[in-house]
Each structure stands twice: as C-alpha cells, then as structure tokens.
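Residue-level structural notes
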Amino acid sequence: MNQREARQDALKRALLTLPRGGKEWRTAFARYRRTDHWRARSAAKLKADPFCQVCELMGDLMVKATEVHHSRYAYFCEDIIRDLVSICKKCHQRWENRW
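Residues numbered from 1 in each chain as written. Predicted model: local features only at pLDDT ≥ 70, side-chain atom pairs only at ≥ 80, totals over all residues. Heavy atoms only, no water.

Moving on to the nonpolar core. Across soluble globular proteins, you tend to see nonpolar side chains buried next to one another. In this structure, Leu11, Leu15, Trp25, Ala28, Phe29, Tyr32, Trp38, Val68 and Leu84 together form the largest nonpolar core, which totals nine residues. Secondary-structure elements contributing two or more residues to this core are helix 1 (3–17) and helix 2 (23–32). Considering each element in turn, this core owes the most residues, four residues, to helix 2. If you look at the next biggest cluster of nonpolar residues, it comprises eight residues, including Val85, Cys88, Cys91 and Trp95. (Core = buried A, V, L, I, M, F, W, Y, C linked by side-chain atoms within 4.5 Å. Buried < 20%, exposed > 50% of the residue type's maximum accessible area, 1.4 Å probe, protein only. Helix = DSSP H or I, 4+ residues; strand = E, 2+ residues; numbered from the N terminus.)

With that settled, consider the pattern of salt bridges. Evaluation of the coordinates by the stated rule reveals two salt bridges. In this structure, Asp49 and Lys45 form a salt bridge, with 2.6 Å as the shortest nitrogen-oxygen distance. Here Glu67 and Lys89 are joined by a salt bridge, their closest N and O atoms 3.9 Å apart. Placement of the pair is Glu67 in strand 1 (residues 67–70) and Lys89 in helix 5 (residues 89–97), with a sequence separation of 22 residues. In this structure Lys89 comes out as partly exposed when scored by relative accessible area, which is 49%. (Salt bridge = Lys/Arg side-chain N within 4 Å of Asp/Glu carboxyl O.)

Below, the structure is given as structure tokens:
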C-alpha cells in the first residue's frame, strides 16, 4: 500500500468512527472528498446519472447534476454507486440543510 492509499484508508476509518456532523468529521470528510477514490466514484455516478435525481422526482427532468450525495451512510466509504445520488447544487444545499 502506498502513502496515498494509506491516507485514504485512514480518512475512511476516521469517517466511520467519528460522530457524524461534528467538526472533526466534517474536516475528515472535506479531505476525503479530495481523494482519488471519491473523485473517481463521483465522476462515475455523474456519468451514469447526469441529471439531478431529486429534481426528476419533482417532475423537472432536465436539471444537470453537478454534485454527488450519499443517500445513506451505511456503506459510506465503499461509495457503492446505488447509494449515491446525482444532484444539482440547489437540491444538495436543501438536502444538507434538513439536518
């Protein structure tokens, strides 16, 4: 395992053990979102589902997705494609502000 992979694994462990939403978790999550692993998974999701899946549910079928959100955190660091949601920035902000 090279240094980059070791750092990614350490971030994954931190995200799974730290209380979700706390300052340390948010810092680790921000770092995780810059990893090659997350970039590849989110790019794959946007390619598979290029339109906002939340807008589609509301009847607006042609809003381009620009971000990827975890629909649940059970498989958080595995980033299973079916547990990711292609989403526009506006819907993502609304989703995050629910909590």
